[in-house]
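Structure assessment
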Amino acid sequence: MASRVGVLGWVTGVLSAVLGALAFGAVLCLWFPAVLTTPALRDVYPMEIVRTTIKMALGVAFVLGLLSVLLKRRKALGLTGAGLALLATLMGGSEVAVATPVARSNHVGLDWFLLDLFLLSAIFVPIELLWARLPQPVFRREWRTDLWHFGISHLLVQLTVFLTMAPAAIFFRWAVAPELQAAVAAQPYALQFVEVLLVADLSQYTVHRLFHTVPWLWRFHEIHHSSRTMDWLAGSRLHLLDIVVTRGLSFVPLYVLGFAQAPVFAYVLFVSFQAVLIHANVRWRFGPLRWVLATPQYHHWHHAVEPVDVNFAVHLPVIDAVFGTLHLPADRWPPAYGLAGAPVPDGYWAQLVLPFRRSRSRA
Ligand SMILES: [Zn+2]
Ligand SMILES: [Zn+2]
């Protein structure tokens, strides 16, 4: 009985600390919207819903925190959650007024980080608990490192979006043909979406293979392959240079062809969800759909210790089939994930500087 109370104390403590931290961050965003929030998101927030959600999160974090303090011998988690909720409430909570228009300034994407973390963990933690491919705890080994990767890449969203789009506009303006762009953008949105998927994945496939074959590039990409545990957070482990180069090169053909904004935006939403799903610790195999779209089983094989250099595409397995790199056995999953060679150190900063430190040869 005592242990069941202990587990309940732990679960309520974790939920309280997570919700308290998210809500506290959200209140900070209300206080300093110009420097902590993303203009593109700011413009579309349904503020009534946002404020109600913050209010509920503050209330739940506080109550669960107190509950955890009562149930658990170690009080740190519950006190953290209840304390953050209390502090955020004293700062004005969900009612903090935002003066509009918000000044345009350089910013970190704290809102994007909090929102994406909230949504993705609310979707994937229950799914991974119910349909786990491997039994593993939510806070598995090296989760802090991957949360750092997730956090930094979200906070730096202004920089990464700029670095993704600027090279195409600077170096490939000469390739733009207005008549072609007009014809492309005039197609039905659904068709453009499929074309974007195909065009972007063809370049992703190429860039991804280069990251595997060119030793100097592999030093950056091996960070992504160093995860020995697969789950929804593991895919965030990407070196910043890997992110910027892959996205920047994949954006070039989209820019040159001139797709309309709506299908490109739909693609960005799609990829940000699918990139998380394909790493998830989920045993779903998706029936015949797995030959059409990349699934967890398909991308888990890309992270296998053996065989290496298979399943490079991000969306469409048919690209791997065409180039002879598809590996999708009917009902098998990789026995182990990660690198066969020299281990990559744990910790965000160690992984950030690793490619520059010493020459690491591929195993
Ligand atoms: Zn790879
Ligand atoms: Zn991956």
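Structure: above.
Residues numbered from 1 in each chain as written. Chains lettered and ligands numbered in written order. Predicted model: local features only at pLDDT ≥ 70, side-chain atom pairs only at ≥ 80, totals over all residues. Heavy atoms only, no water.

**Some thoughts on the coordination of the zinc ion (ligand 2)**
Six octahedral donors around a metal ideally subtend angles of 90 or 180 degrees, whereas four tetrahedral donors ideally subtend 109.5 degrees. This is how the line gets drawn: With water excluded from the atoms, a metal site may look incomplete; its donors are any N, O or S atoms within 2.8 Å, or within 3.2 Å for Na, K and Ca. For a four-donor site, all angles between 85 and 135 degrees give tetrahedral; for four or six donors, opposite pairs above 155 degrees with the remaining angles between 65 and 115 give square planar or octahedral; all remaining cases count as irregular.
Listed as protein donors to the zinc ion (ligand 2) are His224 (NE2), His279 (NE2), His299 (NE2) and His303 (NE2); their distances from the metal cover 2.0 to 2.1 Å. The site at the zinc ion (ligand 2) holds four donor atoms, and with the angles between them running 94 to 153°, its shape is irregular. The sequence motif formed by the donor residues of the zinc ion (ligand 2) is H-x54-H-x19-H-x3-H.

**A short note on the packing of aromatic side chains**
Heads up, the condition is: Stacked, tilted and edge-to-face are the three classes assigned to paired rings of Phe, Tyr and Trp, where Trp is represented by its six-membered ring and a pair needs centres within 6.5 Å; plane angles under 30 degrees give stacked, over 60 edge-to-face, the rest tilted. Only DSSP runs of H or I covering at least 4 residues are called helices, and only runs of E covering at least 2 are called strands; the numbering of each starts at the N terminus. We call a residue buried when its accessible area falls under 20% of the maximum for its residue type, exposed when it is over 50%, and partly exposed in between, using a 1.4 Å probe and counting protein chains only.
As enumerated under the stated definition, the model contains 17 aromatic pairs in all. Between Trp10 and Phe139, the aromatic rings sit 6.0 Å apart at their centres with planes inclined by 85°, giving edge-to-face as the arrangement. Of this pair, Trp10 sits in helix 1 (residues 2–31) while Phe139 sits in the loop between helix 6 (110–130) and helix 7 (143–155), placing them 129 residues apart in sequence. Exposure remark for Trp10: the relative accessible area of 39% places this residue in the partly exposed category. Look at Phe139 and you get partly exposed, because its relative accessible area is 33%. On the numbers, 4.7 Å between centres and 70° between planes, the contact of Phe139 with Trp143 is edge-to-face. For Trp143, a relative accessible area of 21% puts it in the partly exposed group.

**Considerations on the pattern of salt bridges**
Two side chains that carry opposite charge are able to pair once their charged atoms sit near each other. We count it as follows: Throughout this description, the term salt bridge denotes a Lys or Arg side-chain nitrogen within 4 Å of a carboxyl oxygen of Asp or Glu.
Counted according to the given criterion, the structure contains seven salt bridges. The partner of Glu142 in a salt bridge is Arg237, and the shortest N-O contact between them spans 2.9 Å. Separated by 95 residues along the polypeptide, Glu142 in the loop between helix 6 and helix 7 and Arg237 in the loop between helix 11 (215–225) and helix 12 (240–257) bring together distant segments of the chain. Measuring nitrogen to oxygen at the nearest pair gives 2.6 Å for the salt bridge that ties Asp146 to Arg237. A residue pair is termed long-range when its members are at least 10 positions apart, and Asp146 in helix 7 and Arg237 in the loop between helix 11 and helix 12 qualify at 91 residues. With respect to class, Asp146 is no different from Arg237; both count as buried. Each of the salt bridges in this network shares a partner with another, and the network as a whole consists of Arg140, Glu142, Asp146, Arg228, Asp231 and Arg237.

**Remarks on the coordination of the zinc ion (ligand 1)**
Donor atoms from the polypeptide that bind the zinc ion (ligand 1) are His208 (NE2), His212 (NE2), His221 (NE2), His225 (NE2) and His302 (NE2), placed at 2.1 to 2.2 Å. Linear spacing of the donor residues for the zinc ion (ligand 1) on their chain is H-x3-H-x8-H-x3-H-x76-H. Placement of His221 in helix 11 and of His302 in helix 14 (residues 296–302) is noted, with a sequence separation of 81 residues between them. Per residue, the accessibility class of His221 equals that of His302, and both read buried.

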